[in-house]
Amino acid sequence: MSSCHITDLPDGLLAHICSYLTPDSVCQLEESCSQLKTKMNQIIIWKKQVESFPVAGIPFGDSSEATFRKCGLRMDYFNKRLVDFIVKKSERSGSDNPFRVAIVTKFTIDKMLGDVKFFVANELDGMLTDLKEANENVDQDDYYHHHLKTWRCSVLEESDQQWNFECSDYIGKWMVHGDVIISNKKVNIREFQSENHIGVEYFILHVDLMSDSDDEDWSSGGDDNDDEDPSDA
């Protein structure tokens, strides 16, 4: 029996197969092979994925619950705002496939958010306990920043002020309202951008690290950027 490699499929059939996949699966498929990356640069594939949100069952695929916690409205606002912004910005900058830029950028940021969420759930408490023990007898300024961890990812467009705001706003919304971080956090979160990279840094002030926490959890929180109500977007 003869076999057919996926790169040998006609473009139309490949697009039809991709229409049954979730956005993260399409990104993973594209990353699996350089030849496939070229064949998948079809607007129809990526536009379908942009229009598919909200997507249930994948990390950060549906922000309806998180939007409800923030604004009292049940809609996929976080995702819609980010992908719509990137599509429009990429069209203005002359991208040959702005829908792909939007999905790949969102998927890249979402992978970083997943790593942050794993760290908060599985590693943060132990790191803070060890760090506090190591600093018990250290004379340190109260506002000294103890670095905990940094995450960064590359994006497809060189950043500008509006790009930085939208990506930071998206990250902040998910972290605060989407259960990436835990509420009432002592740990500080700093979002940063440089050229075509965005990232998140976790740190804690020395005074907060060394405070008596017998009756409280290490869990902390923060707030995201203020923006307009989603009903006005």
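Residues numbered from 1 in each chain as written. Predicted model: local features only at pLDDT ≥ 70, side-chain atom pairs only at ≥ 80, totals over all residues. Heavy atoms only, no water.

Observations concerning helix α5 (residues 64-71)
At step 1: Restricting attention to buried positions, one finds in α5 the residues S64, A66 and T67. Each buried residue of α5 lies within a common arc of 160° when the element is viewed along its axis, so the set occupies one face.
At step 2: Those residues of α5 hidden inside the fold are in contact with α6 (77-92) and α9 (161-177).
At step 3: Looking one or two residues beyond α5, the residue adopting positive phi is G72, at roughly 80°. (Buried < 20%, exposed > 50% of the residue type's maximum accessible area, 1.4 Å probe, protein only. Helix = DSSP H or I, 4+ residues; strand = E, 2+ residues; numbered from the N terminus. Arc of directions from axis to C-beta. Contact = heavy atoms within 4.5 Å.)

Here we look at the pattern of salt bridges
At step 1: All told, the structure shown has 11 salt bridges when counted by the stated rule.
At step 2: The partner of K39 in a salt bridge is D11, with the nearest N and O atoms 2.9 Å apart. One end of the pair, K39, is in helix α3 (residues 34-39); the other, D11, is in helix α1 (residues 11-18), and 28 residues separate them in sequence.
At step 3: Linked through salt bridges whose partners overlap, the residues forming this network are R81, E166, D169 and K173. (Salt bridge = Lys/Arg side-chain N within 4 Å of Asp/Glu carboxyl O.)

Thoughts on the side chain of K39
At step 1: Looking at K39, the relative accessible area reads 19%, which means it is buried.
At step 2: At 2.9 Å, the side chain of K39 and the side chain of D11 are in polar contact.
At step 3: Contacts of K39, omitting those with residues within four sequence positions, involve I6, T7, L9, D11 and L14. (Polar contact = N/O pair within 3.5 Å; in protein donor to acceptor, adjacent residues only side chain to side chain.)

Considering the environment of D62
At step 1: Within the element layout of this structure, D62 appears in the loop between α4 (43-50) and α5.
At step 2: On the basis of relative accessible area, D62 is assigned to the partly exposed category, the value being 34%.
At step 3: Separated by 18 residues in the primary sequence, D62 and K80 place their C-alpha atoms 9.6 Å from one another.
At step 4: Setting aside its immediate chain neighbours within four residues, D62 contacts P54, V55, D76, N79 and W174.
At step 5: Reaching out from D62, the side chain makes a polar contact with the side chain of S64 at a distance of 2.6 Å.

Some remarks on α6
Because an α-helix completes one turn every 3.6 residues, residues spaced three or four positions apart along the sequence face the same direction.
At step 1: Over its 16 residues, α6 extends 22 Å from the first C-alpha to the last, a length consistent with the 22 Å expected when each residue adds 1.5 Å.
At step 2: G94 sits one or two residues past α6 and shows a positive phi near 90°. (Expected span 1.5 Å × (residues − 1).)

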